[in-house]
Amino acid sequence: MSDATISERFAAPTLRALEQSDLPFIHALFNDPDVMRFWFSPAHLTLADLEDAHTANHHDDRDRRFIVDSAGRRVGLVELVNIDLLHRHCEFQIIIAPGEQGRGFAGTATRAALDFAFRSLNLHKVYLLVDNDNPSAIHVYGKAGFGVEGVLKEEYFADGAYRDVTRMAIFQADHLAATN
């Protein structure tokens, strides 16, 4: 248990750029089978591979990675990936650490990432793919303004079965209208 006070443990999260020193935290998330099931990827990544990828992609403008920070504690990861500046869209991904879920971090971090995508990067659209068996995530995304674009049947193999996923998206004008 952390020495943090109750108010520190539940402080509203902020986003900050992913740093090299955050990689052990990310490594733990990426090696948790329960976490990676919803990222449609096996939980198998070495810290050395993660460090190599971080170094190789450090100056790549097609991806932006953020740590979700609550009073100096790492509580999650947010990614804007496959940023396409011609068509002005990207994919959104988020992980909130299993011990930190259910505290409102996901919704706040999602809205902060959307602000960055639409206000700083001037993107037109942000989309995501969510496992249909993840109703909590679907609820968070809906509250943040994402709408369903369609269902992709048996799109990913994870946890021993093919998974149906829903593609959701939000547009810049809709997000800005809702937050101004």
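A quick note: this is a predicted structure, and the numbers were derived from the prediction, not measured.

Conventions we followed
Residues numbered from 1 in each chain as written. Predicted model: local features only at pLDDT ≥ 70, side-chain atom pairs only at ≥ 80, totals over all residues. Heavy atoms only, no water. Salt bridge = Lys/Arg side-chain N within 4 Å of Asp/Glu carboxyl O. Helix = DSSP H or I, 4+ residues; strand = E, 2+ residues; numbered from the N terminus. Buried < 20%, exposed > 50% of the residue type's maximum accessible area, 1.4 Å probe, protein only. 1 Å grid on protein atoms, 1.4 Å probe; cavity = no way out; pocket = protein on both sides within 12 Å on 5 of 7 lines; lining within 4 Å. Points joined across faces, edges and corners; volume = space filled by probe spheres on them. Polar contact = N/O pair within 3.5 Å; in protein donor to acceptor, adjacent residues only side chain to side chain. Contact = heavy atoms within 4.5 Å. Pairing = 2+ DSSP bridges. Core = buried A, V, L, I, M, F, W, Y, C linked by side-chain atoms within 4.5 Å. Axes fitted to C-alpha atoms, helices over the stretch in contact; angles between N-to-C directions. Parallel < 35°, antiparallel > 145°, perpendicular 65-115°, else oblique. Left-handed = near helix turned anticlockwise from the far one by under 90°. Nonpolar A, V, L, I, M, F, W, Y, C, P; charged D, E, K, R; others polar.

Peer 1: Which residues make up the pattern of salt bridges, and what values do they have?
Peer 2: In total, this model carries 17 salt bridges according to the counting rule given. One salt bridge in this structure joins Arg37 and Asp159, with 3.3 Å as the shortest N-O distance. One end of the pair, Arg37, is in the loop between helix H3 (33-36) and helix H4 (47-57); the other, Asp159, is in the loop between strand S6 (147-158) and strand S7 (161-171), with 122 residues separating them in the sequence. We classify Arg37 as buried; its relative accessible area is 15%. Arg62 serves as the salt-bridge partner of Asp60, at 2.7 Å between the closest nitrogen and oxygen. Members of the salt-bridge network, linked through shared partners, are Arg37, Asp131, Asp133, Asp159 and Arg163.

Peer 1: Outline the layout of surface pockets, listing residues and values.
Peer 2: Empty space within the largest pocket amounts to approximately 820 Å³. Taken together, 33 residues form the lining of the largest pocket, with Ile94, Ile96, Asn134, Ala137 and Tyr141 sitting closest to its centre. Sorting the residues of the lining of the largest pocket by element identifies H3, strand S4 (89-96), helix H5 (105-120), strand S5 (125-131) and helix H6 (135-143) as the ones contributing at least two each. Computed from the structure, the second largest pocket encloses a volume of approximately 440 Å³.

Peer 1: How would you summarise the side chain of Asp63 if you had to cite specific residues and measurements?
Peer 2: For Asp63, the position within the fold is in the loop between H4 and strand S2 (64-70). Of note is the side chain of Asp63, whose polar atom sits 3.0 Å from the backbone nitrogen of Asn82. Not counting the four nearest positions on each side in its chain, Asp63 is found in contact with Leu80, Val81, Asn82 and Ile83.

Peer 1: Residue-level account of the pairing of strand S3 (residues 73-84), with values.
Peer 2: Remember that side chains alternate between the two faces of the sheet whenever the strand is regular. The element S3 is largely enclosed, with a buried count of 9 among its 12 residues. Of the strand pairs in this sheet, S2 and S3 are connected by 7 bridges, and their pairing is antiparallel. Residue pairing for S3: Phe66 is matched across the bridge by Val78. Between the antiparallel neighbours S2 and S3 lie 2 residues, among them Ala71 with a positive phi of about 55°.

Peer 1: Any chance you could break down the nonpolar core for me, citing the residues and the numbers?
Peer 2: Judged by nonpolar contacts, the single largest core of 27 residues is most densely connected at Val78, Leu80, Phe92, Val126, Tyr141 and Phe146. Core analysis: the second largest hydrophobic core is formed by 13 residues, Leu18, Leu23, Phe25 and Leu29 among them.

Peer 1: Lay out unusual backbone geometry with the relevant residues and their values.
Peer 2: Even without a glycine there, the phi angle at Ala71 is positive, about 55°. Along the polypeptide, Ala71 turns up in the loop between S2 and S3. Positioned with a positive phi, Asn122 is a non-glycine residue whose angle comes to about 55°. Mapped onto the secondary structure, Asn122 falls in the loop between H5 and S5. In this structure Asn122 comes out as partly exposed when scored by relative accessible area, which is 41%.

Peer 1: So what's going on with the sheet that holds S2? Residues and values would help.
Peer 2: Strands pair in a sheet through their backbones, by hydrogen bonds, and they do so in one of two ways: parallel or antiparallel. Ordered by their spatial adjacency, 7 strands build an open sheet running S1-S2-S3-S4-S5-S7-S6, and the pairing between neighbours is mixed. Lying at the two open borders of the sheet, with one neighbouring strand each, are strand S1 (14-17) and S6. Strand-to-strand, the axes of this sheet are offset by a mean angle of 30°, without reference to chain direction. In the packing of H6 onto the sheet, the strands contacted are S4, S5 and S7, and the crossing angle to S5 comes to about 160°.

Peer 1: Please provide a residue-by-residue account of the packing of helix H2 (residues 23-30) against H4, values included.
Peer 2: Packing of H2 against H4 brings their axes to within 10 Å, and their N-to-C directions diverge by 120°. The angle between the axes of H2 and H4 places the two elements in the oblique class. Crossing of H2 over H4 shows right-handed handedness. Here Leu23, Pro24, Ile26, His27 and Phe30 of H2 lie close against H4, whose contacting residues are Leu47, Leu50, Glu51 and His54. Per-class residue counts for the contact of H2 with H4 are 6 nonpolar, 2 polar and 1 charged.

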